Amino acid sequence: MKGDKEMKKLTHQRGATLIEVAITGLILATSLLAMATLQTRSIQFNKSSLMRSQANIYAYDIIDRIRINRGAASANIEAYNADYGDTPSGNTLATADVSAWRTSIAGVLPGSGGKILCNKSTRLCTVSIKWSEEQLFGAQSGSNPDASAELVYSTSI
């Protein structure tokens, strides 16, 4: 008979206590918040990756334009030299190429600019493309260098 009473005591509790439900809810809420944060960061990094891919495509684009118009002994490649915001001097095709290239970049990459530096004697061209990623990572500051990006591409023409 004594065993029956102990058995009844063990079966007396039915369901979970309020503390167990609260802890489960807290763990679930924390997990869902972490997953939402992870998803948000994933979208930000995918957008940043897209911008880097676009910058790479535009770097190849202007390098191909320079190769097409390089002329005999690469005489025309220095006509493409232009700092950020400057227009190249000399060859009208080079001026038109750089202008069209920068317009294309501005349409895809926010706050962007392009710089080209070519050396006729070494036949080496360096293309730099800068753009802003503030809409993804916030305003640029000393503690947030991710707000802007730059791609530098060098090749022999």
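In this report, the structure presented in the accompanying data block is examined. (Residues numbered from 1 in each chain as written. Predicted model: local features only at pLDDT ≥ 70, side-chain atom pairs only at ≥ 80, totals over all residues. Heavy atoms only, no water.)

**A short note on helix H3 (residues 92–108)**
Part 1 of the reasoning: For H3, spanning 17 residues, the distance from its first C-alpha to its last is 25 Å, which sits close to the expected 24 Å at 1.5 Å a residue.
Part 2 of the reasoning: Taken together, the buried positions of H3 are Ala 94, Asp 97, Val 98, Trp 101, Arg 102 and Ile 105. Mapping the buried residues of H3 onto a view down its axis gives an arc of 125°, with all of them on the same face. What points out from H3, more than 90 degrees from its buried face, is the exposed set Thr 92, Thr 103, Ala 106 and Gly 107.
Part 3 of the reasoning: Buried residues along H3 sit in contact with helix H2 (18–68), strand S1 (113–119) and strand S2 (124–132). (Helix = DSSP H or I, 4+ residues; strand = E, 2+ residues; numbered from the N terminus. Expected span 1.5 Å × (residues − 1). Buried < 20%, exposed > 50% of the residue type's maximum accessible area, 1.4 Å probe, protein only. Arc of directions from axis to C-beta. Contact = heavy atoms within 4.5 Å.)

**Remarks on the environment of Leu 50**
Part 1 of the reasoning: Turning to its location among the elements, Leu 50 is positioned in helix H2.
Part 2 of the reasoning: The class for Leu 50 is partly exposed, based on a relative accessible area of 43%.
Part 3 of the reasoning: Separated by 59 residues in sequence, Leu 50 and Leu 109 have C-alpha atoms that sit 9.9 Å apart.

**Looking at the pairing of S1**
Part 1 of the reasoning: Of the two faces of S1, the one lined by Gly 114, Ile 116 and Cys 118 is fully buried and the one lined by Gly 113, Lys 115, Leu 117 and Asn 119 carries no buried residue.
Part 2 of the reasoning: With seven bridges connecting them, S1 and S2 associate as antiparallel partners. Paired with Lys 115 across the two strands is Ser 128, which belongs to S2.
Part 3 of the reasoning: Linking two consecutive strands that pair antiparallel, namely S1 and S2, is a turn of four residues; a positive phi of about 55° is found at Arg 123 within it. (Pairing = 2+ DSSP bridges.)

**Comments concerning the packing of H2 against H3**
Angle between the axes and distance between the axes are the two parameters that describe a pair of packed helices.
Part 1 of the reasoning: Interhelical geometry of H2 versus H3 gives an angle of 170° and a closest axis separation of 11 Å. As judged from the angle between their axes, H2 and H3 are roughly antiparallel. Counted together, Gln 54, Tyr 58, Ala 59, Asp 61, Ile 62 and Arg 65 of H2 and Asp 97, Val 98, Ala 100, Trp 101, Ser 104, Ile 105 and Val 108 of H3 form the full contact between these two elements. (Axes fitted to C-alpha atoms, helices over the stretch in contact; angles between N-to-C directions. Parallel < 35°, antiparallel > 145°, perpendicular 65-115°, else oblique.)

**Describing the sheet that holds strand S3 (residues 148–156)**
Picture the strands of a sheet paired through backbone hydrogen bonds; they go either parallel or antiparallel.
Part 1 of the reasoning: Pairing is antiparallel across the open sheet formed by three strands, whose spatial order is S1-S2-S3. Since the sheet does not close on itself, it has two edges, and those belong to S1 and S3, each with one partner. Taking the axes of each pair of neighbouring strands and ignoring which way they run, one obtains an average angle of 10° across the sheet.
Part 2 of the reasoning: Across the face of the sheet, H2 comes into contact with S1, S2 and S3 while running at roughly 145° to S2.
Part 3 of the reasoning: Each of S1 and S2 is contacted by H3, which is oriented at about 145° to S1, the strand it contacts most.

**Concerning unusual backbone geometry**
Part 1 of the reasoning: With phi around 55°, Ser 74 is a residue other than glycine that occupies positive phi space.
Part 2 of the reasoning: Within the secondary structure layout, Ser 74 lies in the loop between H2 and H3.
Part 3 of the reasoning: A positive phi angle, near 55°, is found at Arg 123, a position not held by glycine.
Part 4 of the reasoning: Here Arg 123 shows up in the loop between S1 and S2.
Part 5 of the reasoning: For Arg 123, a relative accessible area of 35% puts it in the partly exposed group.

**Considerations on H2**
Part 1 of the reasoning: The terminal C-alpha atoms of H2 lie 75 Å apart, and with 51 residues this matches the ideal 75 Å at 1.5 Å per residue to within 8%.
Part 2 of the reasoning: Here the buried face of H2 lies against H3, S1, S2, helix H4 (134–137) and S3.

**Some points on the pattern of salt bridges**
Part 1 of the reasoning: All chains considered together, the criterion is met by three salt bridges.
Part 2 of the reasoning: Among the salt bridges present, the one from Arg 65 reaches Asp 61, with a minimum N-O distance of 3.3 Å. Of the two residues, Arg 65 and Asp 61 are both situated in helix H2; the distance of four residues between them amounts to about one turn of the helix.
Part 3 of the reasoning: A relative accessible area of 22% places Arg 65 in the partly exposed class.
Part 4 of the reasoning: Classification of Asp 61 as partly exposed rests on a relative accessible area of 24%.
Part 5 of the reasoning: For the salt bridge of Arg 67 with Asp 64, the shortest nitrogen-to-oxygen distance reads 3.8 Å. Linking Arg 67 with Asp 64, this pair stays in helix H2, spanning three residues, or about one helical turn.
Part 6 of the reasoning: Its relative accessible area of 40% is what places Asp 64 among the partly exposed residues. (Salt bridge = Lys/Arg side-chain N within 4 Å of Asp/Glu carboxyl O.)

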